[in-house]
Amino acid sequence: MQKLHKQSLNDYLKWTMFCVIIGILAGIAAAIFLIALNWATDYRVQNMWLIWLLPAAGLFIGYIYQKYGNEAQRGTGLIIEEIHDPKNIIPLRMAPLIFIGTLITHLFGGSAGREGTAVQMGSTLADQLTKFFHINKEERKILLIAGAGAGFSACIGAPLAGALFGLEVIQIGKLRLFALFECLIASFVGFYTCTFLGAPHSQFPALDMVTYNWPTLGAVVLASLVFGAAANVFIQLTHFLEFIQKKFVKAKFLRPFVGGCFLLILYYCEGSYRYAGLGIPEIQNSFSHASSWYAPFAKMIFTVLTVGSGFKGGEFIPLVFIGTTLGSFLSTQMLVSQALLASLGFSAVFAAAANTPIACAVLACELFGWKIAPYAFLSCWIAYFMTGHLGIYKNQRIVFSKKDQLLKIFTLFKK
């Protein structure tokens with residue numbers, strides 16, 4: 001009994017050490033990335049002519065990934081596959097490749113995100129510990145999940161959501177808390193490391209007052225259905241574009257070039273260049289100024305063309321853009337608090353697209369205040385059910401179908 005207790009204590013100490021290392025590595029990588037990305041965004045804004053080089057930038061990204069990427073080309077999909085069935089260590093080259101690819105995408109005006117990059121870097125760096133320590137397959141799963149959560153946490157600035165994201169994103173229908181201790185440590189260490197290094201986190205307004213009444217509840221339910229539908233359309237369009245690209249552009253390295261050409265045409269026709277890059281100012285503005293119906297629609301088209309063509313950066317911030325501007329617009333139609341629906345759209349659209357309703361509800365609470373919690377969980381879950389088993393991460397496993405989840409909920413309410 002004493003020996004078992006000692007062994008258990010040793011395990012906790014070992015994994016605490018591992019997760020502190022993972023958090024520090026993910027936090028440093030995220031800090032360098034955020035600082036570099038901030039520079040790239042500012043430089044492009046001051047030199048808008050760079051957008052006209054977007055097809056050439058796409059060609060370069062396609063070339064370096066074809067020449068040096070190998071397994072790393074599968075990105076987050078590779079990480080999820082290795083979590084389910086650990087076989088080979090994630091190649092270290094994934095971290096610098098996604099770092100460089102994302103910076104180039106943003107420098108030349110691609111409409112992409114950033115958190116996906118941090119997730120890939122976090123998991124890649126975490127998995128390198130396997131080379132230096134005796135770690136079995138089951139323990140590798142923990143490393144990868146903790147690294148993903150630490151990267152997400154460090155980049156978005158929400159440590160609780162980051163810990164849950166790493167656990168929830170791997171499968172649909174069941175949140176397994178088998179590595180919660182490790183994920184929490186890595187996530188908080190990653191967040192504080194990134195903050196200590198002075199990385200620029202985006203700031204969003206907290207909700208000082210949240211009204212709970214039947215009209216507001218009805219508006220939240222209706223808006224959440226629209227958020228889920230928007231996520232569904234985004235997923236379908238992205239997968240459709242990938243299919244079209246594979247069918248008509250056989251050379252994989254040319255796909256970002258072709259996508260970049262179409263993006264240039266759209267940028268020229270649209271004229272404002274508001275939908276290039278992250279679009280953080282537009283997101284922040286949507287909490288206090290009503291957005292038009294056109295804003296989420298336009299961002300969706302530009303992001304689908306960017307991500308679906310092979311540019312790097314991920315989908316989180318573009319989906320946040322779509323959600324906040326959509327919520328802002330819907331508030332003018334439903335006569336409900338603009339800040340409330342924008343905040344719910346912020347988290348619910350990504351929750352539906354990534355199949356991570358719990359992590360995204362907690363994300364909303366961390367960013368906008370815990371007063372929003374009941375609405376946040378309700379909105380994220382409604383939007384989540386709207387996408388069926390589709391998602392931006394194709395390698396997620398279905399453990400418990402959404403239909404069965406709904407039936408279980410209805411059964412509980414009947415009781």
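Residues numbered from 1 in each chain as written. Predicted model: local features only at pLDDT ≥ 70, side-chain atom pairs only at ≥ 80, totals over all residues. Heavy atoms only, no water.

Chemist: Where do I start with the environment of N285 in this structure?
Modeler: Residue placement: N285 occurs in helix α11 (residues 280-285). Each C-alpha atom, one on N285 and one on L305, is 24 Å from the other, the two residues being 20 residues apart in sequence. (Helix = DSSP H or I, 4+ residues; strand = E, 2+ residues; numbered from the N terminus.)

Chemist: For this particular structure, what's the right way to read the nonpolar core?
Modeler: What tends to happen in soluble globular proteins is that the nonpolar side chains get buried as a cluster. Among the nonpolar cores identified, the biggest contains 134 residues, and F346 and F350 are the most heavily contacted of them. In contact with F350, other than residues within four places in its own chain, are F152, F165, F316, L319, N355, T356, C360, I392 and Y393. (Core = buried A, V, L, I, M, F, W, Y, C linked by side-chain atoms within 4.5 Å. Buried < 20%, exposed > 50% of the residue type's maximum accessible area, 1.4 Å probe, protein only. Contact = heavy atoms within 4.5 Å.)

Chemist: Please clarify how the side chain of Q245 should be interpreted in this entry.
Modeler: Mapped onto the elements of the fold, Q245 is located in helix α9 (residues 214-248). For Q245, a relative accessible area of 5% gives the class buried. Within polar-contact distance, the side chain of Q245 engages the side chain of S309 at 3.2 Å. Contacts of Q245, omitting those with residues within four sequence positions, involve R255, V258, G259, G308 and S309. (Polar contact = N/O pair within 3.5 Å; in protein donor to acceptor, adjacent residues only side chain to side chain.)

Chemist: What should I look at first to understand the layout of surface pockets in this one?
Modeler: If you roll a probe as big as a water molecule over the atoms, it shows you where there is empty space left. Considered as a void within the structure, the largest pocket measures approximately 1000 Å³ in volume. Around the largest pocket sit 45 residues that line it, and Q73, R74, E242, V307 and K312 are the ones nearest its centre. Of all the elements in the fold, those that place two or more residues in the lining of the largest pocket are α2 (54-68), α3 (76-84), α5 (115-127), α9, α10 (255-270) and α12 (294-308). For the lining of the largest pocket, the per-class residue count stands at 17 nonpolar, 18 polar and ten charged. Computed from the structure, the second largest pocket encloses a volume of approximately 430 Å³. Lining of the second largest pocket is provided by 22 residues; of these, T41, L278, G279, I280 and P281 occupy positions nearest its centre. Mapped by element, the contributors of at least two residues to the lining of the second largest pocket are α1 (2-46) and α11. The element contributing the most residues to the lining of the second largest pocket is α1, with six residues. Split into classes, the residues belonging to the lining of the second largest pocket amount to ten nonpolar, eight polar and four charged. (1 Å grid on protein atoms, 1.4 Å probe; cavity = no way out; pocket = protein on both sides within 12 Å on 5 of 7 lines; lining within 4 Å. Points joined across faces, edges and corners; volume = space filled by probe spheres on them. Nonpolar A, V, L, I, M, F, W, Y, C, P; charged D, E, K, R; others polar.)

Chemist: Looking at this structure, I do not really get empty space enclosed by the protein. What am I missing?
Modeler: On inspection of all chains with the given rule, the structure shows one cavity of 30 Å³ or more. One number sums up the size of the largest cavity: a volume of about 70 Å³. If you go around the largest cavity, the residues you meet are T76, I79, I80, I83, G116, V119, A148, F165, V169, I170 and Y393. Where the lining of the largest cavity is concerned, the elements lending two or more residues are α3 and α5. Ranked by residues supplied to the lining of the largest cavity, first place goes to α3 with four residues. In the lining of the largest cavity, the residues fall into nine nonpolar, two polar and no charged.

Chemist: Hey, could you run me through α10 in this one?
Modeler: An α-helical turn contains 3.6 residues, so any two residues separated by three or four positions project in the same direction. Helix length check: α10 (16 residues) gives 22 Å between terminal C-alpha atoms against 22 Å at 1.5 Å per residue, within 8%. When we look at burial in α10, the residues that qualify are R255, P256, G259, G260, L263, L264 and Y267. Projected down its long axis, α10 shows its buried positions confined to an angular sector of 165°, all on one face. Those residues of α10 that are exposed and angled more than 90 degrees off the buried face are Y268 and C269. For α10, the secondary structure elements touched by its buried residues are α2, α9 and α12. (Expected span 1.5 Å × (residues − 1). Arc of directions from axis to C-beta.)

Chemist: I'm lost on α3 in this one. Help?
Modeler: Most of α3 is tucked away: eight of the nine residues are buried. Taken residue by residue, α3 has T76, G77, L78, I79, I80, E82, I83 and H84 as its buried positions. Those residues of α3 that are buried are in contact with α4 (94-107), α5, α6 (137-156), β1 (171-172) and β2 (397-398).

Chemist: Looking at this structure, how should I read the confidence of the model for the protein?
Modeler: Reading predicted coordinates in detail is not appropriate for stretches of low pLDDT. Averaged over all residues, the pLDDT of the protein is 91; the fraction at 70 or higher stands at 97%. Across residues 1-7 the pLDDT falls below 50, and counting only partners more than four positions away or on other chains, this stretch makes zero contacts in the model. (pLDDT = per-residue confidence, 0-100.)

Chemist: Got a minute to help me understand the packing of aromatic side chains in this structure?
Modeler: Any pair of aromatic rings gets described here by the distance separating the centres and the angle formed by the planes. Across all of its chains, the model carries 28 aromatic pairs by this definition. Where Y267 meets Y273, the ring centres are 6.0 Å apart and the plane angle is 35°; that geometry is what we call tilted. One cation-aromatic arrangement involves K299 over F321; the distance from NZ or CZ to the ring centre is 5.1 Å. Cation over ring: K312 sits above Y65, and NZ or CZ is 4.2 Å from the ring centre. (Phe/Tyr/Trp six-rings, centres within 6.5 Å; stacked < 30°, edge-to-face > 60°. Lys NZ or Arg CZ within 6 Å of the ring centre and 35° of its normal.)

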